[in-house]
Amino acid sequence: MADACIAAQNAVTAAESLGIGSCYIGDVLENAEAMRAALALPPHVVPAAMLIFGRPTDQQKTRAKPVRFAPEAIVCENTYRDRTEAQLRADFGARAGGEYDFDAKIPPFCAFKYMSDFSREMSRSAAVYLQDFTYTGAPDPDAPPQGDA
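Residues numbered from 1 in each chain as written. Predicted model: local features only at pLDDT ≥ 70, side-chain atom pairs only at ≥ 80, totals over all residues. Heavy atoms only, no water.

K.L.:
Can you tell me about the overall build of the protein, naming the residues and giving the values?
P.N.:
Along the protein, the regular secondary structure elements total 7 helices and 2 strands. For the protein, the succession of helices and strands along the chain, N to C, is α-β-α-β-α-α-α-α-α. In terms of overall dimensions, the protein is more spread out than a globule: its C-alpha atoms have a radius of gyration of 22 Å, far above the 15 Å expected for 149 residues. Dimensions of the protein, computed from C-alpha atoms along their principal axes, come out at roughly 70 × 40 × 35 Å. Looking at the protein as a whole, 16% of its 149 residues are labelled buried. Across the protein, every contact between residues at least 6 apart in sequence was considered, and the portion connecting residues at least 24 apart equals 65%. Within the structure as shown, the protein displays about 11,600 Å² of accessible surface, and the carbon and sulfur contribution to it stands at 59%. Across the protein, the 14 positively charged side chains and the 20 negatively charged ones have centroids separated by 11 Å. (Helix = DSSP H or I, 4+ residues; strand = E, 2+ residues; numbered from the N terminus. Rg over C-alpha atoms; globule rule 2.2 N^0.38 Å. Buried < 20%, exposed > 50% of the residue type's maximum accessible area, 1.4 Å probe, protein only. Contact = heavy atoms within 4.5 Å. Areas by Shrake-Rupley, 256 points an atom, 1.4 Å probe, with all protein chains shown as cover. Lys, Arg positive; Asp, Glu negative; His and termini not counted. Charge placed at Lys NZ, Arg CZ, Asp CG, Glu CD.)

K.L.:
Give a description of the packing of helix α6 (residues 102-115) against helix α7 (residues 117-131) that names residues and reports values.
P.N.:
Taken N-terminus to C-terminus, the directions of α6 and α7 make an angle of 35°; their axes are 5 Å apart at the nearest point. Residues K113, Y114 and M115 of α6 form the contact with α7, whose own contacting residues are D117, S119 and R120. For the contact of α6 with α7, the class distribution of residues is 2 nonpolar, 1 polar and 3 charged. (Axes fitted to C-alpha atoms, helices over the stretch in contact; angles between N-to-C directions. Nonpolar A, V, L, I, M, F, W, Y, C, P; charged D, E, K, R; others polar.)

K.L.:
Requested: an account of helix α1 (residues 2-17), with residues and values cited.
P.N.:
For α1, which comprises 16 residues, the first-to-last C-alpha distance of 23 Å matches the rise-based estimate of 22 Å (1.5 Å per residue) to within 8%. Against β1 (21-24) and β2 (51-54) lie the buried residues of α1. (Expected span 1.5 Å × (residues − 1).)

K.L.:
Go over the nonpolar core, please, and point to the residues and values.
P.N.:
In terms of nonpolar packing, the biggest core is built from 6 residues, these being V28, A32, M35, L41, V128 and Y129. Residues in contact with L41, not counting those within four places in the same chain, are M35, R36, P47 and Y129. (Core = buried A, V, L, I, M, F, W, Y, C linked by side-chain atoms within 4.5 Å.)

Structural data, given as structure tokens:
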């Protein structure tokens, strides 16, 4: 799956160099049964990423881009470092260019992202794909050895 995502990002970079825009389709894992049928996916094949390509309009080229977090807020070097609550609040405030009502904005975002129908469907579909990879024939590690040892 990681290789497919790396290949997709390389395709995005190559397309950009040619003036071609792209957009990742984030819900490619949703509706597993319909996606399998539409793409004729056999068992053990999971759609890791989906991209669309096209020529951006002038409006798309000139529109204001989303403000990103500062690199030091999201990049770890050599080891992972967890952010404290105070640091996270400061990161959001800095990205917003000043005050950010963390307590008012984060709970609804989390509810939408992790407790919505969309999120439940994504989890359900991921479980459908993972069923293909379930192996139930593993020997019991506590069972006595069988055959010639």
